[in-house]
Amino acid sequence: MKKMSMLLAVLSLAPASALAADYKCNGNRVEKSGSTQYTVRTSGPDITIEKGGGTRGKAVKRGSGYAVEVGGSTQATIENGKILKGGASWSTVSDAQRVYDCPDIVAATLWVLDQKGQL
């Protein structure tokens, strides 16, 4: 019985550590292990992700959601907590925030850029 209690205690801790985000937002920086990987710039409601001074992608406010653009071409949209590709559900903002511990739109934009090989 005691072994079972210990096993349950260990298993209950495992998901919390497994879900720790690899990246964290700190001000306008996205860091991994304390080192800046990306810079987040805002202009009104729009968000730009930069690395080394170059733009990787943008989240552009459109209606009630955002369009994630790379080179002016829409790669995905973010609406109502969902990340959509071609109108179909691709992922969720909360899933993106498990990887990128950042505000919702920033995390979702980073996630899309990563999926598209743009980070």
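Look a little higher up for the structure.
Every chain is numbered independently, its residues counted from 1 as its sequence is written. It should be noted that, the model being predicted, local features are given only for residues of pLDDT at least 70 and side-chain atom pairs only at 80 or more, the latter also being counted only at that level, while totals for whole chains, interfaces and linings use all residues. Side-chain measures here rest on the full set of heavy atoms in the structure, leaving out hydrogens and waters.

Secondary structure elements are taken from DSSP: a helix is a run of H or I of four residues or more, a strand is a run of E of two residues or more, and numbering for both begins at the N terminus. Mapped onto the elements, Ser91 comes out in strand E9 (residues 88–92). Apart from residues no more than four positions distant in its own chain, Ser91 is found in contact with Lys82, Ile83 and Trp111. Only heavy atoms matter for contacts: two residues are in contact if any of them lie within 4.5 Å across the pair.

Another point: the pairing of strand E4 (residues 46–51). Two strands qualify as a pair provided that DSSP identifies no fewer than 2 bridges between them. Of the pairings in the sheet, the one linking strand E3 (residues 35–43) to E4 comprises five bridges and is antiparallel in character. Within the sheet, the bridge partner assigned to Thr39 lies in E4 and is Glu50. What sits between the antiparallel neighbours E3 and E4 is a turn of two residues, in which Gly44 has the positive phi angle 65 degrees. Here E4 pairs with strand E5 (residues 54–62) via five bridges, running antiparallel.

In this section: the pattern of salt bridges. Basic side-chain nitrogens of Lys or Arg form a salt bridge, by our definition, when they fall within 4 Å of a carboxyl oxygen of Asp or Glu. Within this structure, the stated rule accounts for four salt bridges. A salt bridge links Glu31 to Arg29, with the nearest nitrogen and oxygen atoms 3.0 Å apart. Burial here depends on accessible area, computed with a 1.4 Å probe over protein chains only, as a share of the maximum for the residue type. Under 20% is buried, over 50% is exposed, and the range in between is partly exposed. Judged by relative accessible area, which is 32%, Arg29 ranks as partly exposed.

The subject of this paragraph is unusual backbone geometry. One non-glycine residue, Ser33, lies in positive phi territory at about 55 degrees. When you line up the elements, Ser33 lands in the loop between strand E2 (29–32) and E3. Take Ser33: its relative accessible area is 77%, and that puts it in the exposed class. A positive phi angle, close to 50 degrees, is found at Asn80, a residue other than glycine.

The subject of this paragraph is the sheet that holds E4. Strand order in the open sheet made by the ten strands is E9-E8-E7-E6-E5-E4-E3-E2-E1-E10, with mixed pairing throughout. Unpaired on one side and paired on the other, E9 and strand E10 (100–101) mark the two borders of the sheet. Inspection of the sheet shows strand E7 (residues 73–79) paired to strand E8 (residues 82–85) by three bridges, in the antiparallel sense. Bridge pairing in E8 links Ile78 to Ile83. Against the sheet, helix H3 (residues 104–115) touches strand E1 (23–26), E2, E3, E4, E5, strand E6 (65–70), E7, E8, E9 and E10, its axis set at about 50 degrees to E4. Axis lines are fitted to C-alpha atoms, over the contacting stretch for helices. Their N-to-C directions set the angle, which ranges from 0 to 180 degrees.

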